[in-house]
Amino acid sequence: MNKQELESVIPHRNSMMLIDEATKTGENTSEGKKYITGSEWFLDGHFPGNPVVPGVILCEIMAQSSAVIIAEVSSQCIPFFTGIEKAKFKRQVVPGDTFETRCELTRSRGMFYFITGKGYVNGKLAAQAEFSFALVPKDKVEGASQA
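Residues numbered from 1 in each chain as written. Predicted model: local features only at pLDDT ≥ 70, side-chain atom pairs only at ≥ 80, totals over all residues. Heavy atoms only, no water.

(A) Local environment of the overall build of the protein. In terms of helices and strands, the protein carries two helices and six strands. Going from the N terminus to the C terminus, the protein shows its helices and strands as α-β-β-α-β-β-β-β. In terms of overall dimensions, the protein has C-alpha extents of about 45 × 30 × 25 Å along its principal axes. By the burial criterion, 42% of the 147 residues in the protein qualify as buried. (Helix = DSSP H or I, 4+ residues; strand = E, 2+ residues; numbered from the N terminus. Buried < 20%, exposed > 50% of the residue type's maximum accessible area, 1.4 Å probe, protein only.)

Below, the structure is given as structure tokens:
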């Protein structure tokens, strides 16, 4: 899925749409990509003269990449982050890098979904974390658009 197609799956827009593409690769797996150009808003000041993608942004990129796994069950819902656990950052991600994600749905319980994410640069692990999401029906979210 390209950015335009991803807009039907996740609610992020404009500068908060952090993935460039994502694909569901299996029943419970996905892969995604973010091309780090150097012009991203989150690199402004992080760090002057030595831009490095913040760890929290790497987690958001992985989480957005995982959205295609639950797209079929979340079409009438908005996925809300409920937790990030065991986040580890192994190497810096900098302008010119392609941050490639691999995500896997590990379990679900009712409206809660649990996904592990790993991000790589040049085939080397750069970041990893475990995420949890709650799928909240759009009609229960104040201000949510009714598609």
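(B) Representation of the pattern of salt bridges. In this structure the tally under the stated criterion is three salt bridges. Of the charged contacts in the structure, one is a salt bridge between Asp-20 and Lys-3, with a shortest N-O distance of 3.5 Å. A residue pair is termed long-range when its members are at least 10 positions apart, and Asp-20 in the loop between helix 1 (3-6) and strand 1 (21-26) and Lys-3 in helix 1 qualify at 17 residues. Residue Asp-20 is classed as buried on the basis of its relative accessible area, which comes to 18%. Judged by relative accessible area, Lys-3 falls into the partly exposed class, the value being 33%. (Salt bridge = Lys/Arg side-chain N within 4 Å of Asp/Glu carboxyl O.)

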